[in-house]
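# Structural overview for review
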Amino acid sequence: MAPKSVLYLDSQQELCETFKQFLEKSGDFTVYTCDNPKNALKHISELNPDAVVSEIQMPDMDGTEFLRCLRDKGFNTPFIFFTKTCVSDQIIEALNSGADFYLKKGKNPKEQFLSLKEKIESAIYKSQMKTVLSETGPGSLFCRNPVPHVLVAIPEAVFVAVNDIFLQITGYTREEVVGKRAIDLGIFADENERFQLFSELEKNHYANGFELKIRSKSGDIRLHRIFSRIIMLGKKPYIFCTSEDITEKKETEMALNDEITRRRILQDRSRDGIVILKEDGSVFELNESFAKMLGYSVEEVKRMHVWDWNHHISEKEIIEVFRAADEKGENFETRHSKKDGSEIDVEISSTAAVISGKKLILCICRDITHHKRAEEALQIVNSKLNLLSHITCHEILNKTLAIKAFLSLLDDQNLEPEISDYLKDADLAISSIERQIKFTREYEKLGLNEPVWISIESLAKNLEDFRLKVDCDCSRVYIYADTMLEKVFQDLFDNTLRHAKEATRVEIKCRKNADSSLLITWEDDGKGIPDSQKEQIFKRGYGENTGFGLFLAREILGLTGIAITETGVYKKGVRFEILVPKGGYHLKKMF
């Protein structure tokens, strides 16, 4: 089905682009934006949108005047006002001019756009239905439509109109159907399905994609996918319903999926081991790679159970895990015992599926023994290097402390000016060495631990300080980052306290981008950063203090592919943008 087109008018280009991205991401809409009604009038004929959304307050011509011009030109396109204005006289004037809906802009863009999307869909649907249902008699567009159409009166629940294809499918005549109820004719083969359909209609005023078994006059039962909606014709509500016979399609799909699923997951050429398990832990099928991984033949493994090669989990625990498994799947690491008694480390990717009516668990197994041994060896080496670095730094700091103590003893001596200058230079050099050592201590922690999932909200709460209010709009957002991520947020907080003394608040926000990356913004209301310094502040040694804070922040984030930049407007506050790549974040479910 071709996307529905929407023309959106607003003088705020940023809002236009945001709405365009929001509406087009579903693939159901194409959005044209315009910031001037006069320009829109010039191109309205060639665009021919399915709906128009407009702000009232616009340059050169307001939204109401624009609507009147459209109606005068004969355009009956659905029209929706989406405006910050909320004056009753303007609302009445807008509706009297032919607007379909009037929606006031609010503080929550996501909720507003969702509400606006519903209004657009409803307006387009009503417009289309007026055209389709302008006539329902024999020979009309309604009757000749190749898709089954029915119109049911509410609350009587009787058929008011049905089209020819519906009569052909069910085997009834128009006289046998019109004025009767579906329940009287026995059209619904399953009463529970009928109840669910009407419950959904009562709740949402529409019910799309319901699969129902429909009984014909002869008693033949076919599976239909139903699309229903409550509409108003005049001042009376009706249920308008279309359907698609999917009986053969469903049967073919199930048979094909069973065969394809069974064969594709058992590609013996895969270097990974593949095994399909039953709920009781026995083997359903496997590929040769899995048998070789364990040192058995394929026939030997077919007579085994999971606990025969995995001794680290009990039979009872395995059965419970299999019963709870679903199509979402799970990834984990474990150890498998080989035929010769040795053990290997494996990485498992598992998922459950119903094939031929049976629940099976697909496991793709990869031998990561060499990888784990190399990883362990690297951890040992890193641990030793970190210990050596720590000891060395400690000893150097002790020595620099001793040197500074000796230099301080010379402060009270009446030394020649030239010698005093040399001593001052020496003191500065020692202070520089101390800063370098402290930086080294921090830098050696990078990558020391495995990245983990960290809550942005919890990091914000740890920043609570009476000197500066922190507002965070990132509930349930977790990002995959180095364990030193907390230091990044602390450095940003300290940066605001130190360089933006006039700041009163910090705002942390999260937004998903069109490319599925995550944008985290850190903003304060201080003086901001000049354009010439926006990249300099991330360089090592830059700044009024050590200059290591923002350099370290970028290094810490970079370990998991996260980028940070400063994009604020000078004298209007700082704005740090932290870009998390797709897959590097997730939203924790509330329940």
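Calculation rules
Residues numbered from 1 in each chain as written. Predicted model: local features only at pLDDT ≥ 70, side-chain atom pairs only at ≥ 80, totals over all residues. Heavy atoms only, no water. Helix = DSSP H or I, 4+ residues; strand = E, 2+ residues; numbered from the N terminus. Buried < 20%, exposed > 50% of the residue type's maximum accessible area, 1.4 Å probe, protein only. Areas by Shrake-Rupley, 256 points an atom, 1.4 Å probe, with all protein chains shown as cover. Core = buried A, V, L, I, M, F, W, Y, C linked by side-chain atoms within 4.5 Å. Contact = heavy atoms within 4.5 Å. Polar contact = N/O pair within 3.5 Å; in protein donor to acceptor, adjacent residues only side chain to side chain. Pairing = 2+ DSSP bridges. Axes fitted to C-alpha atoms, helices over the stretch in contact; angles between N-to-C directions. Parallel < 35°, antiparallel > 145°, perpendicular 65-115°, else oblique. Left-handed = near helix turned anticlockwise from the far one by under 90°. Salt bridge = Lys/Arg side-chain N within 4 Å of Asp/Glu carboxyl O. Disulfide = S-S within 2.5 Å. Expected span 1.5 Å × (residues − 1). Arc of directions from axis to C-beta. Patch = residues over 30% accessible without salt bridge, like charges linked within 9 Å, V, L, I, M, F, W, Y side chains within 5 Å. Lys, Arg positive; Asp, Glu negative; His and termini not counted. Charge placed at Lys NZ, Arg CZ, Asp CG, Glu CD. Phe/Tyr/Trp six-rings, centres within 6.5 Å; stacked < 30°, edge-to-face > 60°.

## Points about the overall build of the chain
Of regular secondary structure, the chain possesses 20 helices and 23 strands. Within the span of the chain, comprising 591 residues, buried residues form 39% of the whole. Surface exposure of the chain reaches about 34400 Å², of which carbon and sulfur atoms provide 51%.

## Concerning the nonpolar core
Grouped together as the largest cluster of nonpolar side chains are 39 residues, with contacts concentrated most on Ile 479, Ile 508 and Phe 576. At the level of secondary structure, the elements contributing two or more residues to this core comprise α18 (456-461), β18 (477-481), α19 (485-499), β19 (505-512), β20 (518-524), α20 (549-558) and β22 (575-580). Not counting chain neighbours up to four residues away, the residues in contact with Ile 508 comprise Ile 456, Ala 460, Val 470, Asp 471, Cys 472, Asp 473, Cys 474, Phe 489, Ile 520, Thr 521 and Trp 522.

## Examining the environment of Asn 204
Residue position: Asn 204 is located in helix α10 (residues 191-204). Residue class for Asn 204 comes out partly exposed when judged on its relative accessible area of 29%. Polar side-chain contacts of Asn 204 include one of 2.8 Å to the side chain of Glu 200.

## Describing the pairing of strand β13 (residues 330-337)
In this structure, β13 lies alongside strand β14 (residues 343-355), joined through eight bridges in antiparallel fashion. Of the residues in β14, the one forming a bridge with Asn 331 is Ser 349.

## So, the sheet that holds strand β23 (residues 585-587)
Pairing is antiparallel across the open sheet formed by three strands, whose spatial order is β16-β18-β23. Only two strands of the sheet have a single partner each, and these edge strands are β16 (452-455) and β23. For this sheet, the mean angle separating the axes of adjacent strands, direction not counted, is 30°. The sheet contact formed by β16 and β18 spans four bridges and is antiparallel. Residue pairing in the sheet places Trp 453 in a bridge with Tyr 480 of β18.

## Digging into the packing of helix α2 (residues 37-47) against helix α3 (residues 63-72)
When two helices pack together, their arrangement is given by the angle between their axes and by how far apart the axes lie. Where α2 contacts α3, the axes come no closer than 10 Å and their chain directions differ by 20°. Relative to α3, α2 is oriented roughly parallel. Crossing of α2 against α3: the hand is right-handed. Taking contact as the criterion, the partners of Pro 37, Ala 40, Leu 41 and Ile 44 in α2 are, on α3, Phe 66, Cys 69 and Leu 70.

## Considerations on the pattern of salt bridges
In the structure shown here, the tally under the stated rule is 28 salt bridges. With its nearest N and O atoms 3.0 Å apart, the salt bridge here joins Lys 117 to Glu 121. Taken together, the residues Lys 117 and Glu 121, both in helix α5 (residues 109-132) and four residues apart, mark about one turn of the helix. A salt bridge links Arg 335 to Glu 343; the shortest N-O distance between them is 2.9 Å. Through salt bridges with shared partners, one network takes in Glu 211, Arg 225, Glu 244 and Lys 250.

## Regarding the state of the cysteines
Here a disulfide denotes a covalent bond joining the sulfur atom of one cysteine to the sulfur atom of another. All told, the structure shown has one disulfide when counted by the stated rule. Residue Cys 474 pairs covalently with Cys 510 via a disulfide, S to S 2.1 Å. Residues Cys 474 and Cys 510 are joined by a disulfide whose S-S torsion is about 105°; by sign, that bridge is right-handed. Of the two residues, Cys 474 is situated in the loop between β17 (469-473) and β18 and Cys 510 in strand β19; the sequence distance between them amounts to 36 residues.

## Focus: helix α1 (residues 13-24)
For α1, built from twelve residues, the straight-helix expectation of 16 Å at 1.5 Å per residue is met to within 8% by its first-to-last C-alpha distance of 16 Å. Turning to α1, its buried residues are Leu 15, Cys 16, Phe 19, Phe 22 and Leu 23. One side of α1 holds all its buried residues, which, seen down the axis, span an arc of 130°.

## Things to note about the side chain of Ser 517
Here Ser 517 is to be found in the loop between β19 and β20. Of the residues examined, Ser 517 reaches a relative accessible area of 5% and is grouped as buried. A distance of 2.6 Å separates the side chain of Ser 517 from the side chain of Asp 515, its partner in a polar contact.

## Describing a nonpolar patch on the surface
Taken together, the side chains of Leu 410, Leu 415 and Ile 419 present a nonpolar region at the surface, about 200 Å² in accessible area. Relative to the assigned elements, Leu 415 resides in the loop between α16 (369-409) and α17 (417-443).

## Points about the sheet that holds strand β15 (residues 358-367)
Spatial ordering of the open sheet is given by β12-β11-β15-β14-β13, a layout of five strands whose pairing is antiparallel. Looking at which strands have only one partner, the edges of the open sheet turn out to be β12 (283-286) and β13. For this sheet the average axis-to-axis angle between neighbouring strands, irrespective of direction, equals 30°. Across six bridges, the pairing between strand β11 (residues 273-278) and β15 is antiparallel. Note that in β15 the partner of Gly 273 across the bridge is Cys 365. Set on the sheet, helix α15 (residues 315-324) makes contact with β11 and β15; between it and β15 the angle comes to about 110°.

## Some details on a positive patch on the surface
Positive charge collects at one region of the surface, where Lys 25, Lys 110, Arg 476, Lys 512 and Lys 582 lie side by side. With respect to the secondary-structure elements, Lys 110 resides in helix α5. Owing to a relative accessible area of 59%, Lys 110 belongs among the exposed residues under this scheme.

## Topic: the pairing of β15
Where β14 and β15 come together, ten bridges link them in antiparallel fashion. Paired with Val 354 across the two strands is Lys 359, which belongs to β15. With antiparallel pairing between neighbouring strands as the criterion, β14 and β15 make up a hairpin whose turn holds two residues, including Ser 356 at a positive phi of roughly 55°.

## Describing the packing of aromatic side chains
The final tally for this structure, using the stated rule, is 13 aromatic pairs. Their ring planes at 55° and their centres at 6.4 Å tell us that Phe 82 and Phe 113 sit as a pair that is tilted. Taken as a pair, Phe 82 in strand β4 (residues 79-83) and Phe 113 in helix α5 lie far apart in primary sequence, 31 residues in all. Each of the two residues, Phe 82 as well as Phe 113, counts as buried. Grouping aromatic residues by their ring pairs yields a cluster made of Tyr 8, Phe 19, Phe 22, Phe 82 and Phe 113.

## Overview of α19
Since the α-helix turns once every 3.6 residues, residues separated by three or four places project in the same direction. Between its first and last C-alpha, α19 extends 21 Å over 15 residues, near the 21 Å set by a 1.5 Å rise per residue. All of the buried residues in α19 are Leu 485, Val 488, Phe 489, Asp 491, Leu 492, Phe 493, Asn 495 and Thr 496.

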